[in-house]
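If you want the building blocks of each chain, they are given just below.
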Amino acid sequence: DGNRPEGVILEEIVRILKLTRSKGPRRPPRVLLMGPPGCSKTEHAKKLASKYKIQYVKVSEMIKILFEMSRTEQRQMILRTASITASPVKLQYLFHLVPNELIIDLVKERLDKPDCKINGWILDGCPSTPEQITLLNENGIVPSLVVTLDQSDSSVYEKIEQRRFDPIESRHYNLLTDDVSAEV
């Protein structure tokens, strides 16, 4: 329940992730973090990744890097499909226009890197559609733990109403909880 204090939520996830002593080899944790917008998925994922020394993988950042790279066929195809230009403000909205296959390819490529294979990973931002779940399974990306954060609709709306985006830093701020200057 996302309405509970952050410490309680993290303690519950920590309890589930705790590794018991075993003589067998340890499999690195593979965690999917899901929930509605505004339920602090990113903050929870970063804290868990830091505490357990696992790789934090944020799908929207991978897509942003894809768009910031030099012009590739994929980028040109996506921009033509979306029929918009890639300004920093609009990049945050392009995530929903990227084909599911490309998203899963980016995720698979990242999760196949040695740091994720050795240390484990926590995936934030994917899957966001039933088709992505199917594609993850077809590509052999199976989590050892799925964490779903739940929050009341009214609380989600309240948090999103207070969210602002800074295009210079490409960062979201919450006017109620973040220390934000008047310029933002």
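Residues numbered from 1 in each chain as written. Predicted model: local features only at pLDDT ≥ 70, side-chain atom pairs only at ≥ 80, totals over all residues. Heavy atoms only, no water.

Participant: An account of the pairing of strand E3 (residues 121-124) is requested, with residue identities and associated values reported.
Facilitator: On a regular strand, each side chain points to the face opposite its neighbour's, so the side chains alternate between the two faces of the sheet. Burial along E3 is two-sided: the face carrying Trp121 and Leu123 and the face carrying Ile122 and Asp124 are both buried. Bridge count for strand E1 (residues 30-34) against E3 is four bridges, and the pairing is parallel. Bridge assignment links valine 31 to a residue of E3, and that residue is isoleucine 122. The pairing of strand E2 (residues 55-58) with E3 spans four bridges and is parallel. Each bridged residue has a counterpart across the sheet, and for valine 57 the counterpart in E3 is leucine 123. (Buried < 20%, exposed > 50% of the residue type's maximum accessible area, 1.4 Å probe, protein only. Helix = DSSP H or I, 4+ residues; strand = E, 2+ residues; numbered from the N terminus. Pairing = 2+ DSSP bridges.)

Participant: How would you sum up the nonpolar core? Please name residues and give values.
Facilitator: Core analysis: the largest hydrophobic core is formed by 21 residues, its most contacted members being Val59, Val107, Trp121, Leu123 and Cys126. Elements with a minimum of two residues in this core: helix H3 (59-68), helix H6 (100-111), E3 and helix H8 (130-138). Considering each element in turn, this core owes the most residues, six residues, to H6. Apart from residues no more than four positions distant in its own chain, valine 107 is found in contact with Val59, Met62, Leu123, Cys126, Leu136 and Ile141. (Core = buried A, V, L, I, M, F, W, Y, C linked by side-chain atoms within 4.5 Å. Contact = heavy atoms within 4.5 Å.)

Participant: So what's going on with H6? Which residues, and what values?
Facilitator: Three or four residues apart is the spacing at which side chains of an α-helix point the same way, because the helix has 3.6 residues per turn. For H6, spanning twelve residues, the distance from its first C-alpha to its last is 16 Å, which sits close to the expected 16 Å at 1.5 Å a residue. Taken together, the buried positions of H6 are Asn100, Leu102, Ile103, Ile104, Leu106, Val107, Arg110 and Leu111. (Expected span 1.5 Å × (residues − 1).)

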